[in-house]
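# Coordinate inspection notes
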Amino acid sequence: MTTTKQQTTEEKKFEDNKTSCLNNNSLIPSLKECERFILFLNKKFKLNLPDDYLITINKTKKSTIGFFMPKQHEEHFTNTTQDLNNINLNTYYLKEFSPYEVLTHEIAHFLNNIKKIRDCSSNQYHNKHFKTQAEKLLLKVERTTNKGYSQTSETEDFKKMLKEFKPKDKVFNIFQNQKDKKKVGSRLKLYICECGVRVRVAGDDFKGLCLICRTKFKK
């Protein structure tokens, strides 16, 4: 049987669609792309990363775009032979943020962890050690009010590097929607005195006297 050029083109389109999750309800293509990008970073920057890491894509806290969990953490992953470091992407932000930038951010943490350099405190304050390593990976690092040098973004050099990598960004077509929080009104009862002072209390039988106007609080 002879394979025509048209058949080859159609097969390629099918494989591309399958890989891009358009016909595949799976995060596996996304995970494979993450692994491919980390291997690319490892080779380009000669990072000598060990093979003791696991990439996960799942829902985490809404305040977290991604995270690096060292294998020293109490809740670290383990396979049949070794403990594993964990690099995670939050499914809430696969559409909103560049997964390649987030992965690079977490790789910076990974590299510092390997060197036994503490670059982040328990309250997620990123110090200058993180800034130094992230900038070596071509990220722009900016200081925030409460989290130190935690804000990273793509520089022009980073974008050029991505073109060299040839990203298959369609694989990140699957993402998780966030539930809208409805504002819940206060369950406390409002009491007001004659001069306008307001107080809220839990009970229905509150009896209080305003020390300013010397009048009772009323509902």
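For the structure given in this document, a descriptive report is provided here. Quantities reported herein were computed from a predicted structural model and do not represent experimental measurements.

So, on to unusual backbone geometry. Phi is positive for K116, close to 60 degrees, though the residue is something other than glycine. Secondary-structure assignment places K116 in the loop between α3 (99–114) and α4 (128–136). If you check the backbone angles, Q124 has positive phi at about 70 degrees while not being a glycine. Tracing the chain through its elements places Q124 in the loop between α3 and α4.

So, on to the packing of aromatic side chains. Summed over all chains, the structure comprises ten aromatic pairs. Each ring, one from F37 and one from Y100, has its centre 5.2 Å from the other, and the planes form 75 degrees; the classification is edge-to-face. Within this pair, whereas F37 is found in helix α2 (residues 28–44), its partner Y100 is found in helix α3, the two being separated by 63 residues in sequence. Y100 matches F37 in its accessibility class, with the two residues each being buried. Both rings, one in Y100 and one in F165, keep their centres 5.9 Å apart while their planes meet at 65 degrees; by these two values the pair is edge-to-face. Linking Y100 in helix α3 with F165 in helix α5 (residues 156–165), this pair joins segments that are 65 residues apart in sequence.

Reading the values: rules and limits
- The residue count restarts for each chain, going from 1 along the sequence in the order it is written.
- Only residues with pLDDT of 70 or above have their local features reported here, since the model is predicted, and side-chain atom pairs are shown and tallied only from 80 upward, although totals for entire chains, interfaces and linings are computed over all residues.
- Hydrogens and water molecules were not included; the side-chain quantities draw on all heavy atoms of the structure.
- Only DSSP runs of H or I covering at least 4 residues are called helices, and only runs of E covering at least 2 are called strands; the numbering of each starts at the N terminus.
- Two rings from Phe, Tyr or Trp (for Trp, the six-membered ring) form a pair when their centres are within 6.5 Å of each other. A pair whose planes differ by under 30 degrees is stacked, one over 60 is edge-to-face, and the rest are tilted.
- For the exposure calls, accessible area comes from a 1.4 Å probe over protein chains only, and a residue counts as buried if that area is under 20% of its type's maximum, exposed if over 50%, partly exposed in between.

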